[in-house]
Amino acid sequence: MQPYFDNAATSFPKPQCVIDAMVAYHEKCGASPGRGAYAQAVEATDILDKCRSLLCELVHAPSDSHCIFTLNCTDALNLAINGIASHFQHEETHIVTTAMDHNSVLRPLHALEKQGVAYTVVQACQKTGLVNPSDIAEAITPTTKLVAIAHGSNVTGTVQDIEAIGRVCSNTPLLVDAAQTMGHTAIDMQEMNIALLAFPGHKGLLGPLGTGGLIMQNGIEQIIAPHRFGGTGSASEHPVQPTDLPDKYESGSHNMVGISGLTASLQWIKKQSVQTLHQHEMELCDAFVTGLRNVANVKIIGPQTNANRCGVFSLAFEEKPNIAAQRLEQNSGIRSRAGLHCAPFAHQTMGTTDCGGTVRVSFGPFHSLEDVLYLIDSIERCATPELVTT
Ligand SMILES: Cc1ncc(COP(=O)(O)O)c(C=O)c1O
């Protein structure tokens, strides 16, 4: 039985090969990439290159050098948003985002507003959380420098139609926050017209915490200022930050323990295929929505079927979410997440702010149908306390 249902925060467990790769890096390599010609430094560089190439292959990105490692998805989103705002600091700048976005987009925008950057929050459907691409088109003005949108909502599991949104962004760079979709569902940067793809390595990609990145289309780097400056192991004779990629954005030593683990998890995902993992997740979703229809006193907030969704579910119980989540853990060992999930406007949209948010459960590739049936049974016992035998 796998009672951990907080994969939207970070995935657990990780494939064994991830742990093995991290231990092997420490035991057999231990060097910093691009910082020496001895065998271990070359090996570390090879791991870094392999990781970039697996990431780019996964999303059909044009060039490995345009895959930038960051601390997490938040760091990648900050690099994209602040980088564009900084490049256009002497021009009128407007950015479009949506009510379903996470604070890792909303807070950088709020901070930039104080520096004169304007932004528009496009509203979403109150039932499904879906954003209408034509509303995004309407929000774009001649001064819009970026459209930033979460592919999958970490509150309702709503998956936006990025291909249609990409079409309305034909003249404006599109930044996609793939925190809840990368590794879960197919992403094609070319077909979807994604200029910038921000991702965590530690959620659907099954790598360790402390990994993430920003993948750029060729040429977009010309309008993204770097957010850190320092040593890159290259062009060391110059005090000026290099302009070639990835060095423009990757100053300082890399998280090689994390990146070794991420390389192994990407190889594991490639072996399974994203399509197979996606199909398994959809089967779990199907069992969950079907089973929960028969449970009284609890409802799913957001998409009620498998259409336009991923394996992230918000649940409304009759009592406060933190009480219900506590009871789920006490009675059944279920690990869920209660509250507003760092996405205040998504809860405003769904009408779940005043009650303190929702209880969120989210699936991972190691969950089985039996785990989902156990979860449904646990939710029923939680929503109907008289069912719990003392
Ligand atoms: C939609 C969304 N965007 C961004 C983030 C931030 O990701 P990270 O924790 O890797 O910074 C999260 C994390 O929960 C998320 O769900």
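About the cut-offs
Residues numbered from 1 in each chain as written. Predicted model: local features only at pLDDT ≥ 70, side-chain atom pairs only at ≥ 80, totals over all residues. Helix = DSSP H or I, 4+ residues; strand = E, 2+ residues; numbered from the N terminus. Rg over C-alpha atoms; globule rule 2.2 N^0.38 Å. Buried ≥ 20, exposed ≤ 12 C-beta atoms within 10 Å, placed from the backbone. Pairing = 2+ DSSP bridges. Right-handed = clockwise from strand over helix to strand, strands pointing away. Axes fitted to C-alpha atoms, helices over the stretch in contact; angles between N-to-C directions. Parallel < 35°, antiparallel > 145°, perpendicular 65-115°, else oblique. Left-handed = near helix turned anticlockwise from the far one by under 90°. Contact = placed C-beta atoms within 7 Å. Nonpolar A, V, L, I, M, F, W, Y, C, P; charged D, E, K, R; others polar. Domains from an automatic or database assignment. Expected span 1.5 Å × (residues − 1). Arc of directions from axis to C-beta. Core = buried A, V, L, I, M, F, W, Y, C linked by C-beta atoms within 7 Å.

Along the backbone of the chain there are 11 helices and 11 strands. Scaling as 2.2 N^0.38, a compact globule of 390 residues should have a C-alpha radius of gyration of about 21 Å, and the chain matches this with 21 Å. Projected onto its principal axes, the C-alpha positions of the chain cover 75 × 55 × 35 Å. Across the 390 residues of the chain, 49% fall into the buried class.

Before going further, it helps to examine the pairing of strand β4 (residues 144-150). With six of seven residues buried, β4 is to be regarded as a mostly interior element. As judged from the three bridges shared by strand β2 (residues 94-98) and β4, these two strands associate in the parallel manner. When the sheet's bridge partners are listed, Ile95 is paired in β4 with Leu146. Where β4 meets strand β5 (residues 174-177), four bridges bridge the pair, whose relative direction is parallel. What sits directly across from Ile149, in β5, is Val176. Tracing the backbone out of β4, into helix α6 (residues 162-168) and back to the parallel element β5 gives a crossover that is right-handed.

Okay, the packing of helix α9 (residues 321-332) against helix α11 (residues 369-383) next. Relative orientation of the contacting elements α9 and α11 amounts to 120 degrees, with a least axis distance of 9 Å. Between α9 and α11, the angle falls in the class oblique. Of the two possible hands of crossing, α9 and α11 adopt the one that is right-handed. The segment α9 lies against α11, with Ala324, Arg327, Leu328, Asn331 and Ser332 engaging Ser378, Arg381 and Cys382. Residue classes in the contact of α9 with α11 are distributed as three nonpolar, three polar and two charged.

A few words now on the domain arrangement of the chain. In terms of domain boundaries, the chain breaks down into domain 1 (16-226 + 244-272) and domain 2 (274-385). Taken together, the contacts link 28 residues of domain 1 with 26 residues of domain 2. Each residue belonging to the side of domain 1 that touches domain 2 can be placed in one class, and the counts come to nine nonpolar, 18 polar and one charged.

The terminal C-alpha atoms of helix α1 (residues 16-29) lie 19 Å apart, and with 14 residues this matches the ideal 20 Å at 1.5 Å per residue to within 8%. Turning to α1, its buried residues are Val18, Ala21, Met22, Tyr25 and Cys29. Take α1 and look down its axis: the buried residues cluster within an arc of 95 degrees, on one side only. Set apart from the buried face of α1 by more than 90 degrees, the exposed residues are Gln16, Glu27 and Lys28. Where α1 is buried, its residues contact α2 (39-59) and α7 (256-272).

Turning to helix α4 (residues 103-113), a few remarks are in order. Along α4, the residues that are buried comprise Ser104, Val105, Leu106, Pro108, Leu109 and Leu112. For α4, the secondary structure elements touched by its buried residues are α3 (73-87), β2, β3 (118-122), β4 and β5.

Quick look at the sheet that holds strand β1 (residues 67-70) now. Think of a sheet as strands paired side by side through backbone hydrogen bonds, with each pair either parallel or antiparallel. The sheet built from seven strands is open, its strands ordered β1-β7-β6-β5-β4-β2-β3 with mixed pairing. Two strands in the sheet have a free side with no partner beyond their single neighbour: β1 and β3. Neighbouring strand axes in the sheet, compared pairwise and without regard to direction, differ in orientation by 20 degrees on average.

This brings us to the packing of α2 against α7. Closest axis-to-axis distance for the α2/α7 pair is 9 Å, and the angle between their directions is 45 degrees. One way to sum up the angle between α2 and α7 is to call them oblique. When the axes of α2 and α7 are compared, the crossing they make is left-handed. Here α2 contributes Ala44, Ile47, Leu48, Lys50, Cys51, Leu54, Leu55 and Leu58 to the contact with α7, which in turn contributes Met256, Ile259, Ser260, Leu262, Thr263, Leu266, Gln267 and Lys270. Partitioned by chemical class, the residues of the contact of α2 with α7 number 11 nonpolar, three polar and two charged.

Right, let's talk about the sheet that holds strand β10 (residues 337-339) for a bit. Across the sheet, which stays open at both edges, the four strands sit in the order β8-β9-β11-β10 with antiparallel pairing between neighbours. Only two strands of the sheet have a single partner each, and these edge strands are β8 (298-301) and β10. If you compare each strand with its neighbour and ignore which way they point, the axes differ by 35 degrees on average. Examined bridge by bridge, β8 and strand β9 (residues 312-317) share four bridges and lie antiparallel to one another. Across the sheet, the residue bridging to Ile300 is Leu315, located in β9. Sheet strands touched by α9: β9, β10 and β11 (358-362). Its angle to β10, the strand with the most contacts, is close to 165 degrees.

A word on unusual backbone geometry. With an omega of 0 degrees, the peptide bond between Phe12 and Pro13 qualifies as cis. The amide bond that connects Leu245 to the next residue, Pro246, takes the cis arrangement and shows omega of 0 degrees. Note on placement: Pro246 falls in the loop between β7 (212-216) and α7. Unusually for a residue other than glycine, Asn193 sits at a positive phi of about 55 degrees. You can see Asn193 is positioned in the loop between β5 and β6 (196-200).

Ranked by size, the top nonpolar core spans 85 residues in total, and within it Ala80, Leu175, Leu197 and Ala198 carry the most contacts. Two domains each put at least three residues into this core: domain 1 (16-226 + 244-272) and domain 2 (274-385). Not counting residues within four places of it along the chain, the set of residues in contact with Ala80 comprises Leu175, Leu196, Ala198, Leu214 and Ile224.

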